[in-house]
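Coordinate analysis (summary)
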Amino acid sequence: FMLLTKKLIEIRNILNSIDHNDTLKLPSIVVIGSQSSGKSSVLEAIVGHEFLPKGSNMVTRRPIELTLIHTPHTMEEYGEFPSLGLGKVHDFKRVQQTLKDLNMAVPESECVSSKPIELRIYSPNVPDLTLIDLPGYIQITSKNQPLTLKEKISELCEKYIQQPNIILAVCAADVDLANSEALRSSRKVDPLGLRTIGVITKMDLVEPERGVAILRNQDYPLHLGYIGVVCKPPGGNNKDNMTQAVIKTEDAYFRSAYQFSQRGIAVGTGTLRRKLMDVLEENMGSNLGSIIKAVQRELDETRYQFKVEYNDQKMSAESYVAESVDKLKHRFKDFSRAFGKPQVRLEIRHMLEQRMLDICAQRYWADPRIHELSQLDSLAEGDRLYWDLKLELASSALTKSGVGRQTTQRVVDILTRTMEQLAEAEPFNHHPDAAETIKTMTHEILSSRSQATADQVENTIKPFKYEVECSDGEWTEGVKRSIVLLQKELEMCEEALGKIKTTVGTKKLRKAINYVIEFDREEAKRTQRREEIAKLRESNPHSHLEGQRLFGDSDSESLGEDQHSEDHEGEKDKGSSSSEEKQEHSHSHSHLQELEDELEAVMRPHFNPKLLNKAREALSLRDRALVLKYRLSALKSKTCKSSKNKTQCPEAFLAMVSEKLAYTSVMFIQVELMNEFVFQLPRMIDSRLGVKTGQEAMEKFARENPLVGKHLQLMDRRMKLEEVWERLNYLVRRQEEAKARKW
Ligand code: GDP
């Protein structure tokens, strides 16, 4: 009735897959033994394949949880590492290499790790068994092994040989049992030897008489007894069909001496396998009742917790994914409703109007001849042409500034920013990968559309680059719009001016402004003089000293034979002698110096550079405000009522042009970019984030959110416990039926 073990192993796997399950365990066989006692050889003999890592230097550093699954109706033999996802591994050399890699991944400094490696072996030649291979006990600590290693290994083994596990204590026949670390450890947790099986390896290394004496277990009696084996592969490394070879030598050996066929002596790997199966089966069978009780307890607790914490509300990765995706799509819909054509137009119009204001400021308001605009009729032909041309240039500055690309980019930026915000909001703040996907999708759609959109816009505004015509209505709108814009500009100017006044103080500011004006006037004079000197120097290259002196670079007494002093003494008497001239010179120079010194000494301390900057800013704001007022009255005047006078009303004309540009741009951006985006994005969200991504991706996604992860974990636990509970009860019923039949 081996079905029980098989079923229980399945149940054990379910239990093992429950997160944080330390209490519910089905018994397994734990293999302990000293290094080189032949532990690996025994396990490999049971499995029938060489698959354990070999080597002198601590090759088993982690527990190996080995599940053997008997598959009677197939020839296929393979290993599987459930947590690695490698699939079926048919080559046992690869199993061995993988185990070696996993063991060696434990850093040298730690030497052993309690994190088990899970390995399943499917074969028609193995019994249904669960075995746990542990690092071998070490006798002597070698130089490069830390002192605690011995204790670490002992602790790890001790953890595994607790109830209800069965202990397989491996001892070599050629080593005195009194020195067996395995037996010593097992006695600590199982003093009566009720769940310990002794395996005596290397029986071929001692005389049969002595071997049999060990097996008779008189010194260290074990309830489950001792079994003697010979597991050495014959003639070195004949790896293929190892079991046959091993069994042959073993068989041959045990048949060669009569002592081994005595009553009560158990020898051979085959006997060991059967014994293990029987013991495990029986152990599991007798534990069934207590396991069911434990599962029941755990299940009740989980159900209770589920009710209290989640009010029995079901949750699945799928529903969470669906919900998250719906949320995202809803928010996007809300956004796309709120950001329709009118909002796009508002954005684009604002952008173009800013551009238009910049052009006005640069080309018109900063032009010192701006006042000519109101008397254009009285100007000379050439001057009138100047203004006509200026308007044309200003208009093309607006139309040829890459409107298509920039307006498109503006909308692209808004969409990108919005999607970034959605990607960072709940619940996607828990899901960095998904958030990244949202951004990537946005970028993909937008970058696939933006070039075409920009080109389209640019194409349709092409005519405006050469000539912009307008109806009377459009002109009137342009005038109105320009008045509004200039009014706003004026307000901003005045506001900025007011702010400077309040931060600096009106009086202080006025003084600083006066100083700046004075300074600029002086500076202008100085500049003029410098120019004059430069001119003079050109005509007389020897007078460089003059220049130096004037610039204050040289000592005032080292004057050269300067003959060009008139420029200093414009207002002085011209009939003076040469020495007087010199005096006059130095006098004039010192006068200038004095003036500068005075400025430095008297003004500077009161005006720090920051204040002077403010004063300059205030001055330019004042000038700008004056120009704006002047332009506003012009725009409101009769002249600007007609588009014929557009040269005099450039602001109105440019406002009209920018409105036309905005209208056209928006139309194409809406069709080519916005509509496409609104259409494509939800579909992409579905295919890349939605339930179509598959169960595994959904699980991963859901567990990224800690709250959802906890909920799912509890659901998972409940579901698995329910299944285990049902299966166990089924087994109990089967057992009872079997018993009844026997009776
Ligand atoms: P482990 O360190 O406990 O896993 O021991 P191994 O299984 O690696 O065996 C240690 C050494 O003992 C190896 O060289 C084996 O070939 C050898 N060995 C294992 N079993 C037997 C056996 O029954 N008889 C003989 N003569 N040698 C054995």
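Conventions we followed
- Residues numbered from 1 in each chain as written.
- Predicted model: local features only at pLDDT ≥ 70, side-chain atom pairs only at ≥ 80, totals over all residues.
- Heavy atoms only, no water.
- Helix = DSSP H or I, 4+ residues; strand = E, 2+ residues; numbered from the N terminus.
- Buried < 20%, exposed > 50% of the residue type's maximum accessible area, 1.4 Å probe, protein only.
- Contact = heavy atoms within 4.5 Å.
- Pairing = 2+ DSSP bridges.
- Axes fitted to C-alpha atoms, helices over the stretch in contact; angles between N-to-C directions.
- Parallel < 35°, antiparallel > 145°, perpendicular 65-115°, else oblique.
- Left-handed = near helix turned anticlockwise from the far one by under 90°.
- Near = heavy atom within 4 Å.
- Polar contact = N/O pair within 3.5 Å; in protein donor to acceptor, adjacent residues only side chain to side chain.
- Areas by Shrake-Rupley, 256 points an atom, 1.4 Å probe, with all protein chains shown as cover.
- Nonpolar A, V, L, I, M, F, W, Y, C, P; charged D, E, K, R; others polar.
- Arc of directions from axis to C-beta.
- Patch = residues over 30% accessible without salt bridge, like charges linked within 9 Å, V, L, I, M, F, W, Y side chains within 5 Å.
- Salt bridge = Lys/Arg side-chain N within 4 Å of Asp/Glu carboxyl O.
- Lys, Arg positive; Asp, Glu negative; His and termini not counted.
- Charge placed at Lys NZ, Arg CZ, Asp CG, Glu CD.
- Disulfide = S-S within 2.5 Å.
- Core = buried A, V, L, I, M, F, W, Y, C linked by side-chain atoms within 4.5 Å.

Further remarks concern the overall build of the chain. Within the chain, the secondary structure is distributed over 21 helices and nine strands. Counting across all 743 residues of the chain, residues that qualify as buried make up 46%. Counting only contacts in the chain whose residues sit at least 6 apart along the sequence, the fraction spanning at least 24 positions is 79%.

Within strand β5 (residues 117-123), six of the seven residues are buried, which leaves it mostly tucked inside the rest of the structure. In the sheet, strand β2 (residues 64-70) pairs with β5 via seven bridges, with the strands oriented parallel. Counted as the bridge partner of H70 is S123 from β5. Bridge analysis of strand β3 (residues 78-80) against β5 gives three bridges, and the strand direction is antiparallel. Note that in β5 the partner of G79 across the bridge is I121.

Right, let's get into the packing of helix α12 (residues 403-424) against helix α13 (residues 432-460). Axis separation between α12 and α13 bottoms out at 9 Å; the angle between their running directions is 165°. Regarding the angle of α12 to α13, the classification is roughly antiparallel. Both α12 and α13 take part in a crossing whose hand is right-handed. Here V403, G404, R405, T407, T408, V412, L415, T416, M419, E420, A423 and E424 of α12 come into contact with α13, specifically with A435, I438, K439, T442, L446, S450, T453, A454, V457 and E458.

On to the site of the ligand. In the vicinity of the ligand, 14 residues are found, and the nearest of them are S36, K39, S40, S41 and C231. Measuring from an oxygen atom of the ligand, one finds a backbone N or O atom of G38 at 2.9 Å. A distance of 3.1 Å separates an oxygen atom of the ligand from a polar backbone atom of K202. Relative to its free-state accessible area of 570 Å², the ligand is covered by the protein chains to the extent of 75%. Across the shell around the ligand, the residue classes tally to three nonpolar, seven polar and four charged.

What follows deals with helix α6 (residues 208-215). Each turn of an α-helix holds 3.6 residues, which means side chains three or four residues apart point in the same direction. Among the residues of α6, P208, G211, V212, I214 and L215 are the ones counted as buried. Looking straight down α6, one finds that the buried residues subtend no more than 155° of arc, so they occupy a single side. Just downstream of α6 lies N217, where phi reads positive at about 50°.

Below, the discussion takes up the side chain of S186. Structurally, the position occupied by S186 is in helix α5 (residues 181-189). Take S186: its relative accessible area is 2%, and that puts it in the buried class. Not counting residues within four places of it along the chain, the set of residues in contact with S186 comprises I161, I167, P191 and T196.

This paragraph deals with unusual backbone geometry. A cis geometry characterises the amide bond from Q163 onward to P164, with omega recorded as -5°. Along the chain, the position of P164 falls in the loop between α4 (149-160) and β7 (166-172). Of note in this structure, K202 is not a glycine but carries a positive phi near 55°. With respect to the secondary-structure elements, K202 resides in the loop between β8 (196-201) and α6. At N311, a position not held by glycine, the phi torsion is positive, near 50°. In this fold, N311 is placed in the loop between α8 (269-310) and α9 (317-338). A relative accessible area of 60% means that N311 is categorised as exposed.

Quick look at a negative patch on the surface now. A contiguous patch of negative charge on the surface is contributed by D388, E392, E467 and E469. Assignment of secondary structure puts E467 in the loop between α13 and α14 (472-504). With relative accessibility at 54%, the residue E467 sits in the exposed group.

Our focus in this paragraph is the environment of C493. Mapped onto the fold, C493 is located in helix α14. What makes C493 buried here is its relative accessible area of 7%. Considered as a pair, C493 and R622 are 129 residues apart in the sequence and their alpha carbons are 7.8 Å apart. In contact with C493, not counting residues within four places along its chain, are L621, R624, A625 and L628.

The next thing to look at is the state of the cysteines. Simply put, the disulfide is a covalent bond whose two ends are the sulfur atoms of two cysteines. All told, the structure shown has one disulfide when counted by the stated rule. A disulfide bridge connects C640 with C649, and the sulfur atoms are separated by 2.0 Å. A torsion of -105° about the S-S bond marks the disulfide between C640 and C649 as left-handed. Since its relative accessible area comes to 0%, C649 is described here as buried.

The next subject is the packing of helix α10 (residues 341-365) against helix α11 (residues 381-399). It is the contact of α10 with α11, at a shortest axis distance of 10 Å, that shows an interaxial angle of 150°. α10 and α11 meet at a crossing whose hand is right-handed. Contacts between α10 and α11 involve L352, R355, M356, I359, R363 and Y364 from the first element and W387, K390, L391, L393, A394, A397 and L398 from the second. When grouped by side-chain class, the residues that make up the contact of α10 with α11 number 10 nonpolar, no polar and three charged.

Hydrogen bonds along the backbone pair up the strands of a sheet, which may run parallel or antiparallel. An order of β4-β3-β5-β2-β6-β1-β7-β8-β9 is seen for the nine strands of this open sheet, with the pairing classed as mixed. The sheet is open, and its two edges are formed by β4 (88-89) and β9 (226-228), each paired on a single side.

Below, the discussion takes up the nonpolar core. Judged by nonpolar contacts, the single largest core of 98 residues is most densely connected at W365, V411 and L689. By residue number, the principal contributor to this core is helix α19 (residues 650-689), which donates 18 residues. In contact with W365, not counting residues within four places along its chain, are L357, C360, L486, E489, R624, V627, L628, R631 and E651.

On the secondary structure map, T647 appears in the loop between α18 (609-636) and α19. There is a polar contact of 2.7 Å between the side chain of T647 and the side chain of D388. If sequence neighbours within four positions are ignored, T647 has contacts with L373, L376, W387, D388 and L391.

Another aspect to go through is the pairing of β2. Counting buried positions along β2 yields six of seven residues, so the element is predominantly enclosed. When β2 meets strand β6 (residues 129-133), the two strands line up antiparallel, connected through five bridges. Note that in β6 the partner of E65 across the bridge is I132.

Bear in mind that shape data such as this cannot, by itself, settle questions of function.
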